[in-house]
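Coordinate analysis (summary)
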Amino acid sequence: MHILNPGFKLDDFLARARDVRSRVLMLDYDGTLAPFRTKPDEALPYTGMVPLLDAIQDAGHTRLVVVSGRWTKDLIPLLGLKRRPEIWGSHGWERLGVQGEYSVAPIDDKTLEVLVMADEWAQQVEKIGGRCESKPAAVAFHWRGLSNKKISQIRNMIFENWKDLEHANLSWHDFDGGIELRPAGWDKGNVVKTLIAETGPDAVFAYLGDDLTDESAFKAMTDRGVAVLVRPELRPTTADLWLKPPEEVRKFLMHWHEAAVGDV
């Protein structure tokens, strides 16, 4: 574990996690709980991650929330947990509660029209070797595993099409392995703000994520929480702590669990 914020003290944070009444643990999926895979349906959790998360849920001391860019319906089969946690999918546009209650934030008609037009670029992307992913509030173009030449071809093709669009409130987002076109209004930072607002003042929070799309969540974290970058190699970030997956992630989650049950 590597401290990035000189003001952050892990021991002090774990002591607070032991003493408070409420705890919220927010976890990205790809790159954090599971390795990246060229075929996304093969991205199963790292060894040992599922039993550890099951133990955290069984103990009942933590509100466990998965916050992912994936469509929730694609993520659920991969988790493999005994009990489905709360899930925010599509970067916060979808919310699926533990009792199955589901909602999608509203999108205006003009933005939906633009998303449909962008979805029509899929055939061009697939000819080059990439993949198009349609989600409730976004279109993502993936190129993981392709050569730099093909990545440049996909990026240039999307950019040329993008210039011709009336963007409405649609934004371009680079992520590790592709580009996503997504409306303004919700991102992972909004998820963090919502969960903090829903939780009482006597609480601690942690958010673990790997991608550039997780930076909004890191920035939304208050002094009651810790922002954790999960990544094999360090990159510029606003996170407080850097963990290399999977071993350091498992160690952090174990420390969290032990603190919550009072064993530290």
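Overview of the structure. Source: prediction; values computed, not measured. (Residues numbered from 1 in each chain as written. Predicted model: local features only at pLDDT ≥ 70, side-chain atom pairs only at ≥ 80, totals over all residues. Heavy atoms only, no water.)

This part is about the environment of Asp74. Structurally, Asp74 is set in helix H3 (residues 72–79). On a C-alpha basis, the gap between Asp74 and Gly89 in space is 9.5 Å, while along the polypeptide they are 15 residues apart. One polar contact links Asp74 to Lys73, side chain to side chain, over a distance of 3.2 Å. (Helix = DSSP H or I, 4+ residues; strand = E, 2+ residues; numbered from the N terminus. Polar contact = N/O pair within 3.5 Å; in protein donor to acceptor, adjacent residues only side chain to side chain.)

The next point concerns the packing of helix H1 (residues 10–19) against helix H9 (residues 247–260). Packing of H1 against H9 leaves a shortest axis separation of 7 Å and a crossing angle of 45°. Taken as axis vectors, H1 and H9 run oblique relative to one another. Like other packed secondary-structure pairs, H1 and H9 cross with a definite hand, here right-handed. Seen from H1, the contacting residues are Leu10, Phe13, Leu14, Ala17 and Arg18; seen from H9, they are Phe252, His255, Trp256, Ala259 and Ala260. (Axes fitted to C-alpha atoms, helices over the stretch in contact; angles between N-to-C directions. Parallel < 35°, antiparallel > 145°, perpendicular 65-115°, else oblique. Left-handed = near helix turned anticlockwise from the far one by under 90°. Contact = heavy atoms within 4.5 Å.)

The subject of this paragraph is the sheet that holds strand E10 (residues 178–183). Read across the sheet, four strands follow the order E7-E8-E10-E9 without closing on themselves; strand pairing throughout is antiparallel. Only two strands of the sheet have a single neighbouring strand rather than two, namely strand E7 (131–135) and strand E9 (170–175). Strand-to-strand twist across the sheet, computed as the mean angle between neighbouring axes with direction ignored, equals 15°. Packing of helix H4 (residues 109–119) onto the sheet brings it into contact with E7, strand E8 (138–142), E9 and E10, and relative to E8 it is tilted by some 25°. (Pairing = 2+ DSSP bridges.)

Our focus in this paragraph is the pattern of salt bridges. Under the defined criterion, the tally for this structure stands at 17 salt bridges. Taking the shortest distance from any N to any O, the salt bridge between Arg63 and Glu198 comes out at 2.8 Å. Placement of Arg63 in strand E3 (residues 63–67) and of Glu198 in helix H7 (residues 188–198) is noted, with a sequence separation of 135 residues between them. Residue Arg63 is classed as partly exposed on the basis of its relative accessible area, which comes to 26%. (Salt bridge = Lys/Arg side-chain N within 4 Å of Asp/Glu carboxyl O. Buried < 20%, exposed > 50% of the residue type's maximum accessible area, 1.4 Å probe, protein only.)

This brings us to the nonpolar core. By size, the foremost hydrophobic cluster in this structure holds 37 residues, and its most contacted members are Phe13, Leu25, Leu53, Leu208, Phe252 and Leu253. The element contributing the most residues to this core is H9, with five residues. When sequence neighbours within four positions are dropped, the list of residues in contact with Leu208 reads Leu25, Met26, Leu27, Asp28, Thr32, Val228, Val230, Leu243, Val249 and Phe252. (Core = buried A, V, L, I, M, F, W, Y, C linked by side-chain atoms within 4.5 Å.)

At the junction of Pro245 and Pro246, the peptide bond is cis and its omega measures out at -5° in the coordinates. Its place among the elements puts Pro246 in the loop between strand E13 (241–243) and H9. Even without being a glycine, Ser90 presents a positive backbone phi close to 50°. Notably, His91 is not glycine yet its phi reads approximately 60°, a positive angle. Inspection of the secondary structure puts His91 in the loop between strand E4 (86–89) and strand E5 (94–96). Overall, His91 belongs to the buried group, its relative accessible area being 6%.

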